[in-house]
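The lines below spell out each chain.
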Amino acid sequence: MNVLSLRNVSKRFGSLNVIDGLSFDVEEGIVFGFVGKNGAGKTTTMKMILGLLACDSGTIRVCDEEVAFGETATNRHIGYLPDVPEFYGYMKAKEYLTLCGEITGLSNAQIRSRSDELLNLVGLSGVERKISTYSRGMKQRLGIAQALLNSPKLLICDEPTSALDPIGRSEILSILSAAKKYTTVLFSTHILSDVERICDRVGILNDGRLMLEGDLADIKSRHRENTVTLEFESTFDLQEVQRTFSELPFVSSVELQNRSLLVRMSDTIDGNHRLLEHLTRLKLPLLKYEVGEPTLESLFMEIIK
Amino acid sequence: MRSYIAFCKKEVLENLRTHKVLILMIVFLLFGMMSPLTAKLMPEIFKSLALDGIVITIPEPTALDAYAQFFKNTSQMGLLVVLLVFGGMLSNEITKGTLINMVTKGLSRPVVILSKFTVASILWTLTLLASFATTFGYTAYLFGSGGQPNLLFSIFCLWLFGLFLLACLLFFSSFTSGNFAGLALTAVSLLILLLLDIFPRLHALNPIALASLNTALLSGAAQVSDLSIPIGVTLGLTILLLGSSMMVFRRRKL
Amino acid sequence: MEKIIEYLPFLIPIILLELVLAVTALIHLLKHPDVKFGNKTIWIFVVLFLQIIGPILYFTIGRSDQS
């Protein structure tokens, strides 16, 4: 089942087409990485999903109900973590969660048990300070607890890690991975390593549309480059090897990079076998043999070019 | 209903913890105490200011003078303090973005307006009552019996005018951005009402009468019947402003 | 003057309330690192020397929400 689906959604600010015919679906139970550079329209898209901004055209459905601008009933399925969540600084975490719980219609018993459970999950149980004294990371963690309070079917996080230091980032990512057990996560970011760490599917937004969308493992294998990096002992004459290798029928090019050779082949599986045969036969002093793996970064750079 | 009560509780907590209740209470208690005392000590103050040879004679102050001081203080400085204290109740939340979490949790936007109006009105009522009770006690002690004709009616008028200002604040904050735009537009509207009071034909309608004729009501210079139209107009405007701020706020981008 | 002294019991609570207001504002001001605009020194003068209205201005427009 699709928890979220967008069809031909467009949004224009003045003469600028921020979102231009955007369509995608998010299946239940996955972590969807919504990637794009700053200003690509990630926040705009999320605000439209939440009914905080009106779309100019197209439809957004959450759990098969259409989102309306302004007050939208679909928000009862959604937990939202804004990029910089703002709280009432004069409250304590528990008071804030109680307020959220009462607004969202939980019973008092549910509020008590849910907030204890969630404060535990985000590592804020026992913190009795006012929220105004929290660090950014703590606010972000309280933001996740707040967003998960009503057991939403869809958790939307807008750049939850961008403003944090490496420790804070890592904490948020593990909390989000843990949240996957309870809910579907739509998670926007421009930090690609975060996506590689926790996402199942990824969509890359550029110029207002998704340039690439799919299963992260699929995308990687589809874009696997048929390259092998070879590193040799330092005394070895690389130019000689470069010449021999480039004459092989299955090799398309050989590049010399510092102390290593980057070998491009027409087919990886077969090529690997034959390359290894050659290496053993020639008894070359090999230090490292690495099959090229596409990074999301290189894919991203290629796509938004 | 539950979210209305929850958000009202939040408003009360906010007003307590951000010192708003403290300010209102202290300022209005001060007015309550100072007004009769200033009236009582007025001859002394003039005497100490008097230069040699100039004799200023002012009549012995009465309870009416005490209430005149009270209404002057509360309708000017008092309402100004109310405006300052409640000026940012909606716009601060909009600029900071604190309402986003609430609205995405399913809090209806009209409820936001309604709870804010409820709590601000309750606080205004309580402070005005406390202030009035203090002045009443002090006046009775300093001037003998403090009973005046139309006293409660006069207080009611001022109270209603306060509610009207709160509705103005919410209305103007519901579509403007920035921390002070709502407050500034309310101040401008107040100024316009004051200017309109110059025209005799509008005089009989102007809500400003509720905050300017208070003493005249006590002295008999104005009758209760003079106020019936301004009361109707103010009541109507307050409801209209509240209703429209709910409508406008519903479609506002947060 | 003697009349002023006669009314001293009435003046004392007024002075006390003004003090409470000024001191609360001053404590808040000193405990918080910054103000919304202007600087802290100016606000200390405003709070202490503008009776009643000084602390009100501080709490309504001068205070910062951060701690």
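Peer 1: Any chance you could explain the overall build of chain C here in plain terms?
Peer 2: For chain C, the count of helices and strands is 4 helices and 0 strands. Helices and strands in chain C line up, N terminus first, as α-α-α-α. The buried share of chain C, taken over its 67 residues, is 40%. Long-range contacts, defined here as pairs at least 24 residues apart, represent 51% of the contacts in chain C between residues at least 6 apart. Carbon and sulfur atoms provide 72% of the accessible area of chain C, an area that totals close to 3900 Å².

Peer 1: Got a minute to help me understand the nonpolar core in this structure?
Peer 2: Looking at soluble globular proteins, one finds that nonpolar side chains tend to be buried together. By size, the foremost hydrophobic cluster in this structure holds 182 residues, and its most contacted members are Leu-4, Phe-24 and Leu-186 of chain A together with Phe-86, Met-102 and Leu-166 of chain B. Of all the elements, helix H7 (residues 151–175) of chain B adds the most residues to this core, at 16 residues. Ignoring sequence-local partners within four residues, the contact set of Phe-86 of chain B consists of Asn-15, Leu-24, Ala-120, Leu-123, Leu-166 and Leu-169 of chain B. Within the second largest apolar cluster, 16 residues are counted, among which are Leu-238, Val-241, Leu-261 and Leu-275 of chain A.

Peer 1: Before we go on, may I ask you to explain the sheet that holds strand S11 (residues 227–232) of chain A in this structure?
Peer 2: Where strands meet in a sheet, backbone hydrogen bonds hold them as pairs that are either parallel or antiparallel. All names here are of chain A. Strand order in the open sheet formed by 4 strands is S12-S13-S11-S14, and the pairing between neighbours is antiparallel. This sheet does not close on itself; its edge strands, each paired only once, are strand S12 (251–257) and strand S14 (286–291). Averaged over all adjacent pairs, the angle separating strand axes in this sheet is 20°, with direction ignored. Here S12 runs beside strand S13 (residues 260–265); their pairing, made up of 6 bridges, is antiparallel. Each bridged residue has a counterpart across the sheet, and for Leu-256 the counterpart in S13 is Leu-261. Packed onto the sheet, helix H8 (residues 238–246) meets S11, S12 and S13 and runs at close to 170° relative to S12.

Peer 1: In this structure, what is going on with the packing of helix H2 (residues 93–104) of chain A against helix H3 (residues 108–121) of chain A? I would like to understand it.
Peer 2: The axes of two packed helices give the description: the angle between them and the distance between them. All names here are of chain A. Interaxial distance between H2 and H3 falls to 10 Å at its minimum, and their mutual angle equals 135°. With respect to H3, the axis of H2 lies oblique. The two elements H2 and H3 cross, and the hand of that crossing is right-handed. Residues Ala-93, Lys-94, Leu-97, Thr-98, Gly-101 and Glu-102 of H2 form the contact with H3, whose participating residues are Asn-108, Ile-111, Ser-115, Asp-116 and Leu-119. Looking at the contact of H2 with H3 residue by residue, the classes come out as 4 nonpolar, 4 polar and 3 charged.

Peer 1: What is the right way to look at the pattern of salt bridges in this model?
Peer 2: Side-chain pairs of opposite charge can arise where the charged atoms are in close proximity. A full pass over the atoms with the stated rule returns 21 salt bridges over all chains. A salt bridge links Arg-209 of chain A to Asp-20 of chain A; the shortest N-O distance between them is 3.7 Å. Taken as a pair, Arg-209 of chain A in strand S10 (residues 209–215) and Asp-20 of chain A in strand S2 (residues 16–27) lie far apart in primary sequence, 189 residues in all. Here Arg-209 of chain A falls in the partly exposed class, since its relative accessible area comes to 42%. Salt bridges sharing common partners tie together Lys-10, Glu-11, Glu-14, Glu-93 and Lys-116 of chain B.

Peer 1: What am I meant to see in the confidence of the model for chain C here?
Peer 2: Predicted coordinates in areas of low pLDDT are best not read in detail. When pLDDT is averaged along chain C, the result is 84; 90% of the residues meet or exceed 70. Taken element by element, chain C is modelled with least confidence in helix H1 (residues 2–6) of chain C, mean pLDDT 71, and with most confidence in helix H2 (residues 8–31) of chain C, mean pLDDT 90.

Peer 1: Where do I start with the pairing of strand S8 (residues 184–189) of chain A in this structure?
Peer 2: Every other side chain in a regular strand lies on the same face of the sheet, so the side chains alternate between the two faces. Residue and element names in this part refer to chain A. With respect to burial, S8 is a largely interior element, 6 of its 6 residues being buried. Side-chain alternation along S8 places Thr-184, Leu-186 and Ser-188 on one buried face and Val-185, Phe-187 and Thr-189 on a second face that is also buried. The sheet contact formed by strand S3 (residues 31–35) and S8 spans 5 bridges and is parallel. Of the residues in S8, the one forming a bridge with Phe-34 is Ser-188. Pairing analysis gives 5 bridges linking strand S7 (residues 154–158) to S8, with the strands arranged parallel.

Peer 1: Before we go on, may I ask you to explain the interface of chain A and chain B in this structure?
Peer 2: One frequent convention defines the size of an interface as the accessible area lost when the parts assemble. Each partner contributes residues to the interface: chain A has 32 residues there, and chain B has 30 residues. Considering only the surface of chain A that becomes buried against chain B, Glu-71, Tyr-90 and Ile-103 of chain A emerge as the three largest contributors, covering 26% of it. Taken together, chain A and chain B are joined by 2 salt bridges. Among the ionic pairs, Glu-102 of chain A bridges to Lys-9 of chain B, the shortest N-O distance being 3.1 Å. Across the chain A-chain B interface, the total number found is 10 residue pairs in polar contact (both at pLDDT 80 or more). Those elements giving two or more residues to the side of chain A that touches chain B turn out to be strand S6 (78–81), H2, H3 and helix H4 (136–148) of chain A. The biggest single contributor to the side of chain A that touches chain B is H2 of chain A, with 7 residues. Taken together, the residues of the side of chain A that touches chain B sort by class into 19 nonpolar, 7 polar and 6 charged.

What counts, and where the lines are drawn
- All chains use their own residue numbering, which begins from 1 and follows the written sequence.
- The naming scheme follows written order: chains are lettered A onward, ligands numbered 1 onward.
- With the structure being a predicted model, the display of local features is reserved for residues of pLDDT at least 70 and the display and counting of side-chain atom pairs for 80 or more, all residues being used for whole-chain, interface and lining totals.
- Calculated side-chain values reflect all of the structure's heavy atoms, with hydrogen atoms and water omitted.
- The helix and strand labels rest on DSSP assignments: H or I over at least four residues marks a helix, E over at least two residues marks a strand, and numbering proceeds from the N terminus.
- A 1.4 Å probe rolled over the protein chains alone gives each residue an accessible area, and that area as a share of the maximum for its type sets the label: buried under 20%, exposed over 50%, partly exposed in between.
- In this analysis, two residues are considered to be in contact whenever any of their non-hydrogen atoms come within 4.5 Å of each other.
- Surface accessibility in these figures is a Shrake-Rupley result with a 1.4 Å probe; residues are shielded only by whichever protein chains are displayed.
- Buried Ala, Val, Leu, Ile, Met, Phe, Trp, Tyr and Cys residues form a nonpolar core when they are joined through side-chain atoms within 4.5 Å.
- Any two strands with at least two DSSP-identified bridges between them are counted as paired.
- All axes are obtained by fitting lines to C-alpha atoms, using only the stretch in contact for helices, and the reported angles, taken between N-to-C directions, cover 0 to 180 degrees.
- Put simply, angles under 35 degrees are roughly parallel, angles over 145 are roughly antiparallel, angles from 65 to 115 are roughly perpendicular, and the rest are oblique.
- Put simply, a crossing is left-handed when the front helix is turned counterclockwise from the back one by less than a right angle, and right-handed when it is turned clockwise.
- All residues other than Ala, Val, Leu, Ile, Met, Phe, Trp, Tyr, Cys, Pro, Asp, Glu, Lys and Arg, Gly among them, are scored as polar; the first ten of these are nonpolar and the last four charged.
- Here, a salt bridge means any side-chain nitrogen of Lys or Arg that lies within 4 Å of a carboxyl oxygen of Asp or Glu.
- The pLDDT value tells you how sure the predictor is about a given residue, anywhere from 0 up to 100.
- In short, buried area is how much 1.4 Å probe accessible area vanishes from two parts on joining, totalled over both.
- In protein, a polar contact requires one atom able to donate a hydrogen and another able to accept it; more generally it is a pair of N or O atoms within 3.5 Å, and residues adjacent in sequence count only if both atoms are side-chain atoms.

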